[in-house]
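Residue strings, one per chain:
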Amino acid sequence: MIHQLIGHGYTAFAKQLLGYRQRWGYPPFGYHALIRASASSSMEKSLQWLEQISQLIANINTQDIQRLGPVPAPIEKRANRYRAQLLVGSHKRAALHQVLYKLHQQEKQLPGRAGIRWSIDVDPIEFS
């Protein structure tokens, strides 16, 4: 891609990059939410919580939603808490928001919430 930028200029580089982003479903052609969880007891607890969240999302809508993870966060432990994340994506913003809304309504019924901190980052800029 560097050769494309140097040899053919910014316009050709931008078109090539946008083509890749479209193929992979990255913004602006796809929409994402990063669900993060942390637990003070173990990484396993964070991953188990996100696995439950992932299964809940699958039960809500499997048609337009893709899930990647859960996996340990790039910085696995911070402030004595074990961190993990789950990436949720869709080519339709409305479908993503609908699933997140239903998730927020239903997550209180999941077991194992004690000691878990979690958040949803819509259109995340970083994955740390």
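Refer to the preceding data block for the structure.
Residues numbered from 1 in each chain as written. Predicted model: local features only at pLDDT ≥ 70, side-chain atom pairs only at ≥ 80, totals over all residues. Heavy atoms only, no water.

Draft legend 1. Main features of the packing of aromatic side chains. Following the criterion strictly, the structure yields four aromatic pairs and no others. With a centroid separation of 5.4 Å and an interplanar angle of 15°, the aromatic rings of Tyr-20 and Trp-24 are classed as stacked. Of this pair, Tyr-20 and Trp-24 both sit in helix α1 (residues 2-24), four residues apart, which is roughly one turn of the helix. With relative accessibility at 22%, the residue Tyr-20 sits in the partly exposed group. Taking the relative accessible area as the measure of exposure, Trp-24 reaches 53% and is therefore exposed. (Phe/Tyr/Trp six-rings, centres within 6.5 Å; stacked < 30°, edge-to-face > 60°. Helix = DSSP H or I, 4+ residues; strand = E, 2+ residues; numbered from the N terminus. Buried < 20%, exposed > 50% of the residue type's maximum accessible area, 1.4 Å probe, protein only.)

Draft legend 2. Up close: the pattern of salt bridges. With the rule as written, the count across this model stands at five salt bridges. Here Asp-123 makes a salt bridge to Arg-93, at a shortest N to O gap of 3.2 Å. Placement of Asp-123 in the segment after β4 (116-122) and of Arg-93 in helix α3 (residues 93-106) is noted, with a sequence separation of 30 residues between them. The exposure class assigned to Arg-93 is partly exposed, which follows from its relative accessible area of 33%. With a shortest N-O distance of 3.5 Å, Glu-107 and Arg-113 are connected by a salt bridge. On the accessibility criterion, Glu-107 (3% relative accessible area) is buried. (Salt bridge = Lys/Arg side-chain N within 4 Å of Asp/Glu carboxyl O.)

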